[in-house]
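# Examining the three-dimensional arrangement
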Amino acid sequence: MRMKKWLLAALALIMTFTLAACTSGGNGAPSAANNDGGSGNRGSSTGSSNVGSGSGGWNGTKYDPPIVLTTVKGLDQNAAVFKEGETIEDNVHTRLIKERLGIEIKYNWIVTNTNDGYKNKLRLELSSGGEMPDVVVYRGDMETVNLLIDSGQFMAVDELLEQYAGEEYKKGLELDPTIWYPITRDGKKMALPILDYAYNGDQALWIREDWLRKLNLKAPTTLEEMEAVMDAFVNQDPDGNGVKDTIGLAAGFKNGFNNWMTDIGFVFGAFGTMPGQWNMTEDGTLMFGSIDPRAKDALLTLNRWLERGYIHQDSALKDEVGGSEFFTKGQAGMMVGPNWIPDWPLPDLKRNVPEAEFKAYPLPAGPTGLIGSNGGNPPVNGYIFINKNSKHPEAILHYYNWFFDNMANPEPGSEFENGFAEGYDYAILPDGSITSDVAGHRELFPGNVDDQIVNPIYYTLTYEGARIPTLYAEAMVKLANGHPPETPYEKSLASYRTKENINAMKVIMDQKDIRMKNYYTGPLTETMQSKNELLSKMVNETYTKIVYGQAPIEEFDTMVQNWLNSGGETITQEVNDWYNSVK
């Protein structure tokens, strides 16, 4: 997504999944949860099966006569941009789908998705016993996902998948069996996952390259080397202003110690654990990483860093975005974040310090050679729920297959190689080149309001059409290795992804085996519902006190025992019971 405001509302990574992509065209900032990895409207050419639906009117390519598919919609910032005279109910997307697939999309209700408007409306409808439409899509908190499943209004999708899912969709689903864990009930799959780009939330260590060069330093490969570099960044005036006002690492752990940006979870990973999530132990059981004894070494390390000024004294007051400002204001020399941060928020660094240079490096190893970071979670960013009373429950799969076939990765010369629709998200100049510059070529974008690009891919029922999970990372690594772009998708990436962004994806993929997955993605257990807030507060307060030197390290052991006695032991059993039921 292009805008910071939307980014803040979209992200919640802990115990969910890396949520959400952004737009192409190079005129906005992508998010961790919803970064489009390329051009959201770039299509696919790999063939999906067109299995007929028998007497339902599907002739192999479309419904004839057309059918009506009902749904509901929360309009976010990107989906609310239209040409003059068009609405979410009548636009180039709805007309195209009716023409190509014989599916007429009807909305039972539409809300502006600010302040959780869509989630709140869905919950209100569910609590009042409101009748659901043919299809409900949802991207966000797992509590609402579970409410949708538990409402009893939606069907298991196992048979639909077997009969109607296209080849590309099935391939994406097979990448990670844990894709199904959050939505499996009694062995049945209760929703269709909306696939997203894999590895897009995994993180690297970003360093001020100009500071390294000025102080004649090399990028660190271990925590020990990292401390030496941070010490130089703090004490050797890398910004050259004659004032001791720099820090080593931008960090923000107001929301915990395992975050989607300005993360310090890698320090814990260097000692073999990851806080704030359920990790796999050697005996095959799940353990809450925050109570792992190995976390003590990480806490002592962070305490040392804070005492020496390597991280800012206000880090505990900053969330991920606030923590990033230590870097973007030119104060910090390092920051941990995903591949896409050169699009946002790092342009702020260039505005504040025009001569600044930054580059992504691998995360450092701990004293025994361990390297660990959060990530590696299933490439899912939302779910599709199908009403058990729908007359055409297979229709949404024909729809999704069509986007995989036509817009996820188009062949050169294909209809959608340049975008969704000419005059909307792209235009062809007289010399045959492609532009998305509305302000510079208003005559080629008739009806676009306020010189905004209109990207109809965001009108789709699946948020961004269709995404092949491995496509973005593979294409970025190809470009990073110096190979010329060949497909329309690769050319799109090469046209607007920065060199720093492209190289960062290669760094991340070279370290893909270090990612520590959160193995619990199920609903809140019975004990979690009443104890989670208490237990989370217990952990975060103890961690923060130890890091700030307000409590001795022995306080960790006391916290662990209190955590277990206050419901944590029961939760651990519930989590493992769930895991054994779905694995």
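Conventions used here
- Residues numbered from 1 in each chain as written.
- Predicted model: local features only at pLDDT ≥ 70, side-chain atom pairs only at ≥ 80, totals over all residues.
- Heavy atoms only, no water.
- Helix = DSSP H or I, 4+ residues; strand = E, 2+ residues; numbered from the N terminus.
- Rg over C-alpha atoms; globule rule 2.2 N^0.38 Å.
- Contact = heavy atoms within 4.5 Å.
- Lys, Arg positive; Asp, Glu negative; His and termini not counted.
- Charge placed at Lys NZ, Arg CZ, Asp CG, Glu CD.
- Pairing = 2+ DSSP bridges.
- Axes fitted to C-alpha atoms, helices over the stretch in contact; angles between N-to-C directions.
- Salt bridge = Lys/Arg side-chain N within 4 Å of Asp/Glu carboxyl O.
- Buried < 20%, exposed > 50% of the residue type's maximum accessible area, 1.4 Å probe, protein only.
- Polar contact = N/O pair within 3.5 Å; in protein donor to acceptor, adjacent residues only side chain to side chain.
- Phe/Tyr/Trp six-rings, centres within 6.5 Å; stacked < 30°, edge-to-face > 60°.
- Lys NZ or Arg CZ within 6 Å of the ring centre and 35° of its normal.

## Digging into the overall build of the protein
- When helices and strands are tallied, the protein shows 18 helices and 18 strands.
- For 583 residues, the compact-globule formula gives about 25 Å, and the C-alpha radius of gyration of the protein, at 24 Å, lands near that figure.
- Considered along the principal axes of its C-alpha atoms, the protein spans approximately 70 × 60 × 35 Å.
- Contacts in the protein between residues at least 24 apart in sequence constitute 73% of all its contacts with a sequence separation of at least 6.
- The positive charge centre, built from 51 side chains, and the negative charge centre, built from 77, are 2 Å apart in the protein.

## Describing the sheet that holds strand β15 (residues 380–386)
- Here three strands make up an open sheet; going across it, the order is β4-β15-β7 and the pairing antiparallel. If you trace the sheet from one side to the other, it starts and ends with β4 (135–138) and β7 (192–195), each paired once. Across this sheet, the average inter-strand angle for adjacent strands is 25°, counted without regard to direction.
- Two strands pair when backbone bridges link them, and β4 and β15 are joined in this way by four bridges, in the antiparallel orientation. For V136, the partnering residue across the bridge sits in β15 and is F385.

## Points about the pattern of salt bridges
- Tallying each qualifying case throughout the model produces 30 salt bridges.
- Ionic pairing is found between R515 and D202, a salt bridge with its closest N-O pair at 3.8 Å. Of this pair, R515 sits in strand β18 (residues 515–516) while D202 sits in the loop between β7 and β8 (203–208), and the two are 313 residues apart along the sequence.
- The structure contains a network of salt bridges with shared partners spanning R139, D196, E464 and R467.

## With respect to the environment of E490
- You can see E490 is positioned in helix α15 (residues 488–496).
- The class of E490 is buried, set by a relative accessible area of 10%.
- Sequence separation between E490 and L471 is 19 residues; the distance between their C-alpha atoms is 9.3 Å.
- Here E490 is in contact with A475, K478, L479, P484 and P485, once residues within four sequence places are set aside.
- One polar contact links E490 to K478, side chain to side chain, over a distance of 2.9 Å.

## Some points on the environment of I103
- Inspection of the secondary structure puts I103 in strand β3 (residues 103–112).
- The exposure class assigned to I103 is buried, which follows from its relative accessible area of 0%.
- For I103 and I396, which are 293 residues apart along the polypeptide, the C-alpha to C-alpha distance reads 9.3 Å.
- Ignoring anything within four residues of it in the chain, the contact list for I103 reads Y63, I67, L69, I97, K98, A395 and Y399.

## Comments concerning the packing of aromatic side chains
- Throughout the structure, instances matching the rule amount to 27 aromatic pairs.
- When the centroid spacing of 5.9 Å and the interplanar angle of 85° are considered together, the rings of Y181 and W578 count as edge-to-face. Remark: W578 occurs in helix α18 (residues 554–582) and Y181 occurs in the loop between α6 (167–173) and β5 (184–185); sequence separation between them is 397 residues.
- Residue Y181 is classed as buried on the basis of its relative accessible area of 9%.
- A relative accessible area of 11% means that W578 is categorised as buried.
- Residues W402 and F416 carry aromatic rings whose centres are separated by 5.6 Å and whose planes lie at 80° to one another, so their mutual orientation is edge-to-face. Placement of the pair is W402 in helix α13 (residues 395–406) and F416 in the loop between α13 and β16 (427–428), with a sequence separation of 14 residues. Pair check on accessibility: W402 and F416 agree, each one buried.
- One cation-aromatic arrangement involves K83 over Y424; the distance from NZ or CZ to the ring centre is 4.7 Å.

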